[in-house]
Amino acid sequence: MTADILEFLSYGFIQRALIAGCFVALACSLLGVLLVLRRLSLIGDGLSHVTFGSVAVGLFMNVYPLYVSLPIVMASALGILRLTERARIYGDAAIGIVSSVGIAAGVMLASVAGGLNVDLFSYLFGNVLSISSTEVYASILLSIVVVGAVALYFDELFSITFDEEYARASGIQTARINAVLVLLTAITVVLTMKVVGIMLTSALLILPAATAFQVARGFRNSMLIAAGTSVVSVVSGIVISFAFNLPTGASIVLLNFVIFLAALLLKSLFRPRPARPQ
Amino acid sequence: MQPELISARGLCHAYNSVEVLSDLTFSMLRGDYIGLVGPNGSGKSTLVKLILGLEAPSQGSITVFGQAHKDLKAWDKIGYLPQKINFFNPHFPSTVREIVELGLISRRHSRLARAERRAAVDQALELLGIGDLAKRLIGDLSGGQQQRVFIARALVSRPELLILDEPATALDPETRDNFFSLLHDLNHRDSVSVILVTHDIGSIGEFASKLMFLDKRIIFFGSFDEFCLSDTMTKVFGPSSQHIICHKHD
């Protein structure tokens, strides 16, 4: 058994997958808590659609997709924010506009380039087991940026998440903090595409947070539980997918869902029952 | 002469070209306790937003602690209780302690130690009689208990200016009386200035030293006694109402 584990861990591609997966999972879970509570859960979905378009641009131009995706997705995230603030439309509509433009651009470029090729398809569904050393370093660096920024602006992010008007009345520069939040989300979405794929990115943002909210006793506690479940699901998903030859991204997401169901069950078992009427 | 805490000159505000406040000029002095009253849509909450810098005036100027909002550093001297606490997400996974600690956020730069923050939160919770709720989730509390948590958040930074928008909402009569007694003490003992937005004009004279009656413009600004002697009451409420409201406090 120990020999099997050691052999499993000795593979370079497994080491890279575990390291990058854990860092990305950590960044996703922290941001997920903030986004879900602010009812911006679907920003991950919208930005992942833009990521699809930007990957197509990268492949079309023969440039490494990460380099093209990062600036395009970050600009789109700021675009969603500006649309919400300036065009007087709700966040979900702004996300819808930007994401549909992103996917339309991707489909258009893929068509011009002669259809969905293998590379683009691999980004759609991700494959963390094929992650390169460059992508591992990028994941570590950018995840540290995300986690560091959340730690640095923790009080401000918490205050804005609970009550934006009160946060402004406390002197917090809410526009700046909102911009920081969407930019961090954009970075995380781009990193996540290789782990679970563009199609499943929003699951890694939403599910760990949703799980944490079932059992957590406090805001900080929610972040810790979300981070724990996210990392556990990514590590277990990689192990299971390798052991049973299953798609890694789908394994990670389905494991996340199983953990969510377990938390839901736990909550219903320990929830105080209402007193019977006399 | 007490220094000016708030100074408004020719303040106007409009939403989508519809004017909601017109030409407001007034000063609030340190130690003032102003009851801000007026009918629905009179601009009370808009004035609060202008004071807090949540909205920019369409015309005129306003300074708080002698500074325009863009230069204001003294955010931690302002305690604020918003009106719309009932609209917060009841499933928000935060403890009462975490919520009250949000009131100390603008003091972060003054390097308040963790133990000091904890002590300040404990004190605010005890002041409102909710020390035993510190570890409870905010969504698990009753409306009245939640209101007390938000009042504690407004008081935790020991502000010099308290702005309370309909604070008595959801409070039971005993808690309400205790709260107004606490406000009276803070105002008289610690010279905390208070702006209290309320619909309850009948009892405002029990607490406030000044009354501002707003109906898109300032209809009256002065002491409650002056208000009762003026013809504003007769014009607004009719002679019988004036008798009931003003003579209640004789």
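Quantities reported herein were computed from a predicted structural model and do not represent experimental measurements.

J.: Go over a nonpolar patch on the surface with me, naming the residues and quoting the values.
T.: All names here are of chain A. Together, F60, M61, V63, Y67, M108 and V112 make up an exposed nonpolar region whose accessible area comes to about 640 Å². Of all the elements in the fold, those that place two or more residues in the nonpolar patch are α3 (43-61) and α5 (91-112). Of note, V63 is situated in the loop between α3 and α4 (65-86).

J.: For the packing of helix α2 (residues 12-37) of chain A against helix α12 (residues 219-244) of chain A, give the residues involved together with the corresponding values.
T.: Their axes nearest at 8 Å, the elements α2(A) and α12(A) cross at an angle of 145°. The two elements α2(A) and α12(A) meet at a crossing, and its hand is right-handed.

J.: Lay out the nonpolar core with the relevant residues and their values.
T.: In terms of nonpolar packing, the biggest core is built from 136 residues, with A:F219, A:I238, B:V100 and B:L162 touching the most fellow members. Tallying contributions element by element places α2(A) first for this core, with 15 residues. Ranked by size, the runner-up nonpolar core spans 32 residues in total, among them B:L11, B:L24, B:I163 and B:V197.

J.: I'd like a description of helix α7 (residues 133-152) of chain A, backed by residues and values.
T.: All names here are of chain A. In this model, α7 (20 residues) spans 28 Å end to end at C-alpha, consistent with the 28 Å of a helix rising 1.5 Å per residue. For α7, the full list of buried residues reads E135, V136, A138, S139, L142, S143, V146, A149 and V150. The arc enclosing the buried residues of α7, seen along the axis, measures out at 165°, which places them on a common side. Those residues of α7 that are exposed and aimed more than 90 degrees away from the buried face are Y137, L141, A151 and L152.

J.: Kindly report on helix α5 (residues 173-190) of chain B, identifying the contributing residues and their values.
T.: All names here are of chain B. The end-to-end C-alpha distance of α5, which contains 18 residues, comes to 25 Å, matching closely the 26 Å that a straight helix rising 1.5 Å per residue would cover. Along α5, the residues classified as buried are T175, F179, F180, L182, L183, L186 and N187. Down the axis, α5 shows its buried residues gathered within 155° of arc, on one side only. In this structure, α5 carries P173, E174, H188 and R189 as exposed residues pointing more than 90 degrees from its buried face.

J.: With reference to specific residues and values, describe the sheet that holds strand β7 (residues 193-197) of chain B.
T.: Residues and elements named next belong to chain B. An order of β5-β6-β7-β3-β8-β9 is seen for the six strands of this open sheet, with the pairing classed as mixed. Only two strands of the sheet have a single partner each, and these edge strands are β5 (78-81) and β9 (218-222). Averaged over all adjacent pairs, the angle separating strand axes in this sheet is 10°, with direction ignored. Bridge count for strand β8 (residues 210-214) against β9 is four bridges, and the pairing is antiparallel. By the bridge assignment, L211 is partnered in β9 with G222. Each of β3 (33-37), β6 (161-165) and β7 touches α5; the most contacted strand, β6, lies at about 155° to it.

J.: Requested: an account of the pairing of β3(B), with residues and values cited.
T.: Residue and element names in this part refer to chain B. In terms of burial, β3 is largely enclosed, as five of its five residues are buried. Sheet analysis places β3 next to β7, joined by four bridges and oriented parallel. Within β7, the residue paired with G35 across the bridge is L196. Strand direction decides the pairing type here: β3 and β8, joined by four bridges, are parallel. Along β8, the bridge assignment pairs V37 with F213.

J.: Describe the environment of A:S230, naming the residues involved and giving the relevant values.
T.: Residues and elements named next belong to chain A. Here S230 lies in helix α12. Overall, S230 belongs to the buried group, its relative accessible area being 0%. Counting along the chain gives 203 residues from S230 to A27, while the straight-line C-alpha distance between them is 9.4 Å. Dropping the residues within four chain positions of it, S230 is found in contact with A25, S29 and P208. Here the side chain of S230 touches A25 through a polar contact of 3.0 Å, landing on its backbone oxygen.

J.: Lay out the pairing of β6(B) with the relevant residues and their values.
T.: All names here are of chain B. Within β6, five of the five residues are buried, leaving the element largely enclosed by the surrounding structure. What you see with β6 is no split at all: L161, I163 and D165 on one side and L162 and L164 on the other are buried throughout. Strand direction decides the pairing type here: β5 and β6, joined by four bridges, are parallel. Directly across from L81, in β6, lies its bridge partner L164. Here β6 runs beside β7; their pairing, made up of five bridges, is parallel.

Rules behind the numbers
- Residues numbered from 1 in each chain as written.
- Chains lettered and ligands numbered in written order.
- Predicted model: local features only at pLDDT ≥ 70, side-chain atom pairs only at ≥ 80, totals over all residues.
- Heavy atoms only, no water.
- Patch = residues over 30% accessible without salt bridge, like charges linked within 9 Å, V, L, I, M, F, W, Y side chains within 5 Å.
- Areas by Shrake-Rupley, 256 points an atom, 1.4 Å probe, with all protein chains shown as cover.
- Salt bridge = Lys/Arg side-chain N within 4 Å of Asp/Glu carboxyl O.
- Helix = DSSP H or I, 4+ residues; strand = E, 2+ residues; numbered from the N terminus.
- Axes fitted to C-alpha atoms, helices over the stretch in contact; angles between N-to-C directions.
- Left-handed = near helix turned anticlockwise from the far one by under 90°.
- Core = buried A, V, L, I, M, F, W, Y, C linked by side-chain atoms within 4.5 Å.
- Buried < 20%, exposed > 50% of the residue type's maximum accessible area, 1.4 Å probe, protein only.
- Expected span 1.5 Å × (residues − 1).
- Arc of directions from axis to C-beta.
- Pairing = 2+ DSSP bridges.
- Contact = heavy atoms within 4.5 Å.
- Polar contact = N/O pair within 3.5 Å; in protein donor to acceptor, adjacent residues only side chain to side chain.

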